[in-house]
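# A closer look at the structure
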Amino acid sequence: MLSELRIQKVKKSRLPEVDLDSLGFGNVFCDHMFVMDYADGRWGQPQIRPFGPLPIEPGAGGLHYGQAVFEGLKAFRGTDGVIRVFRPDKNIERLRASCARLCIPCIDDDVFHEVIQQLIRLDHEWIPRKRGQSFYIRPIIFSTESHLEVRPSTTYCFAVITSPVRQYFDSTIPAVALKVEEQYTRAAPGGVGFAKTGGNYAASLLPSAASREEGFDQVLWLDGAEHKYVEEVGQMNIFFKIKDCVITPPLLGTILHGVMRDTVLTLLREDGHCCEERRIPIEEIAQAIHDGDLIEAFGAGTAAVISPVGRIEYRGEEMEINNSKPGQLTRALYEEITAIQYGDIEDRHGWNTLVVLDGTTSQAVPATA
Ligand SMILES: *Cc1c(COP(=O)(O)O)cnc(C)c1O
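Residues numbered from 1 in each chain as written. Predicted model: local features only at pLDDT ≥ 70, side-chain atom pairs only at ≥ 80, totals over all residues. Heavy atoms only, no water.

### Focus: the nonpolar core
- Among the nonpolar cores identified, the biggest contains 40 residues, and Phe34, Leu95, Ile107, Ile120, Ile137, Ile141 and Phe158 are the most heavily contacted of them.
- Within the residue set of this core, elements represented by two or more residues are strand 2 (32-39), strand 6 (73-77), strand 7 (83-86), helix 2 (88-101), helix 3 (109-123), strand 8 (134-143) and strand 9 (156-165).
- Examining the composition of this core, we find that six residues originate from one element, helix 3, more than from any other.
- When near neighbours in sequence (up to four residues on either side) are disregarded, Leu95 contacts Val69, Phe70, Glu71, Cys106, Ile107, Phe112 and Ile141.
- Leu178, Met236, Val309 and Ile312 belong to the second-largest nonpolar core, a separate cluster that totals 26 residues. (Core = buried A, V, L, I, M, F, W, Y, C linked by side-chain atoms within 4.5 Å. Buried < 20%, exposed > 50% of the residue type's maximum accessible area, 1.4 Å probe, protein only. Helix = DSSP H or I, 4+ residues; strand = E, 2+ residues; numbered from the N terminus. Contact = heavy atoms within 4.5 Å.)

Rendered as structure tokens:
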């Protein structure tokens, strides 16, 4: 599918200037990026070229009306040297759903997978070697046609940039503090809450900044219609363990179909754990904390994998969960998922896509792909 791929390599890698031990999240970008434009009803020449600015018309629809979608996934360098991409099939599936909602033409599955393989082959030295660090892959599609009429664009750009990222979870760091957001909403029924599109993020910036000023790490979003049911935490899906059952909000159109959410539910169910996907009134959470029934809570997402929740503020009351420490299940899930991602335990579900480098590198090439 990418047979006509044109590759322009950097003359000199920037990698020697990068300190992989002091990474943030997405503040350093790898040497190469992928770019492909859409016009006349089809995707054009696929190209990999040095990371750098993209020319854009000031009238481009993506800038004015937000016709743009993105994805986020990670590759890991295993202890065995093998490079694994975690569940990319779920990301292209979600990208297709996001594109459909925003009237954006999507790319084919095989193009998506091939682009990731090609970029990693070129920039595999950028994949950090320390456990917990990883290689973040950010595909975007945005409209480029210069017009101010409100209608779907006829031209688009699909680009993929990559970035080495730091470890997120550290059990010595206190669990996150959440503020229940009762004024603002992230998404409304019938809107674009399930799509990975920039508008949802733009809408979240003001409430997030306000909560941080008050000393919280993240916002706990409630539903847009009644401000009654829990939806997401920051940019993660939320899970609560009440007594011995784990609950998470259902996919009713206003929350993201998180890959990590699906991963957590799959592992818990296989383990015979009680799991429910249902609407969760915030009052039920407050009551469970008061009754001592809320055992632990965590957010799930590609960036952090699992992020423990230590405190929730609701209507002026500070409620602590598990003494602000990561719970047992939170830790166990983090350990199991990262062990799969780094190839330490068997990948029973076939979640990892292996990256095969050519024979000229010293990287291990898996015996079976
Ligand atoms: C991306 C995202 C998530 C997490 O999805 P993953 O596929 O698990 O990374 C959750 N909520 C929002 C709003 C997101 O944008």
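### Topic: the state of the cysteines
- On inspection of all chains with the given rule, the structure shows one disulfide.
- Disulfide partner of Cys245: Cys274, at an S-S distance of 1.9 Å. Measuring the twist about the S-S bond at about -70°, one finds the Cys245-Cys274 disulfide to be left-handed. One end of the pair, Cys245, is in strand 14 (residues 245-248); the other, Cys274, is in strand 15 (residues 274-277), with 29 residues separating them in the sequence. (Disulfide = S-S within 2.5 Å.)

### Examining helix 4 (residues 198-213)
- With 16 residues, helix 4 should cover 22 Å at 1.5 Å per step; its first-to-last C-alpha distance of 23 Å lies within 8% of that length.
- Listed in full, the buried residues belonging to helix 4 are Asn200, Ser204, Pro207, Ser208 and Ser211.
- In the core, the buried residues of helix 4 are packed alongside strand 10 (176-181) and strand 11 (218-222).
- Looking one or two places after helix 4, you find Gly215, whose phi comes out positive at around 95°. (Expected span 1.5 Å × (residues − 1).)

### A few points about a nonpolar patch on the surface
- A grouping of Tyr65, Leu148 and Val150 is seen on the molecular surface, where their side chains present a nonpolar patch of about 340 Å² in accessible area.
- You can see Val150 is positioned in the loop between strand 8 and strand 9. (Patch = residues over 30% accessible without salt bridge, like charges linked within 9 Å, V, L, I, M, F, W, Y side chains within 5 Å. Areas by Shrake-Rupley, 256 points an atom, 1.4 Å probe, with all protein chains shown as cover. Salt bridge = Lys/Arg side-chain N within 4 Å of Asp/Glu carboxyl O.)

### Section: the side chain of Gln67
- Note that Gln67 resides in the loop between helix 1 (61-64) and strand 5 (68-70).
- The class for Gln67 is buried, based on a relative accessible area of 9%.
- At 2.9 Å, the side chain of Gln67 forms a polar contact with the backbone oxygen of Cys103.
- Gln67 has contacts with Gly61, Gly62, Leu102, Cys103, Ile104, Ile141, Phe142, Ser143, Pro152, Ser153 and Tyr156, leaving out every residue within four places of it along the chain. (Polar contact = N/O pair within 3.5 Å; in protein donor to acceptor, adjacent residues only side chain to side chain.)

### What about the site of the ligand?
- In the vicinity of the ligand lie 14 residues, with Lys196, Tyr201, Glu232, Val259 and Thr302 positioned nearest.
- One of the backbone nitrogen or oxygen atoms of Gln235 is found 3.3 Å away from a nitrogen atom of the ligand.
- At a separation of 2.9 Å, an oxygen atom of the ligand approaches a polar backbone atom of Met260.
- Relative to its free-state accessible area of 380 Å², the ligand is covered by the protein chains to the extent of 96%.
- A class-by-class count of the residues in the shell around the ligand yields five nonpolar, five polar and four charged. (Near = heavy atom within 4 Å. Nonpolar A, V, L, I, M, F, W, Y, C, P; charged D, E, K, R; others polar.)

### Re the packing of aromatic side chains
- A full pass over the atoms with the stated rule returns ten aromatic pairs.
- Arranged with centres 5.0 Å apart and planes meeting at 70°, the rings of Tyr38 and Trp43 form a pair that is edge-to-face. Here Tyr38 matches Trp43 in class, with each residue buried.
- Seen from their ring centres, Tyr38 and Tyr156 are 5.8 Å apart, and the 70° between their planes marks the pair as edge-to-face. Of the two residues, Tyr38 is situated in strand 2 and Tyr156 in strand 9; the sequence distance between them amounts to 118 residues.
- Ring-pair connections join several aromatic residues into one group, and the members of that group are Phe34, Tyr38, Trp43, Tyr156 and Phe158.
- In this structure, Arg279 is placed above the aromatic ring of Tyr229, and the distance from its NZ or CZ to the ring centre is 4.0 Å. (Phe/Tyr/Trp six-rings, centres within 6.5 Å; stacked < 30°, edge-to-face > 60°. Lys NZ or Arg CZ within 6 Å of the ring centre and 35° of its normal.)

None of the figures reported here should be taken as evidence of function without further support.
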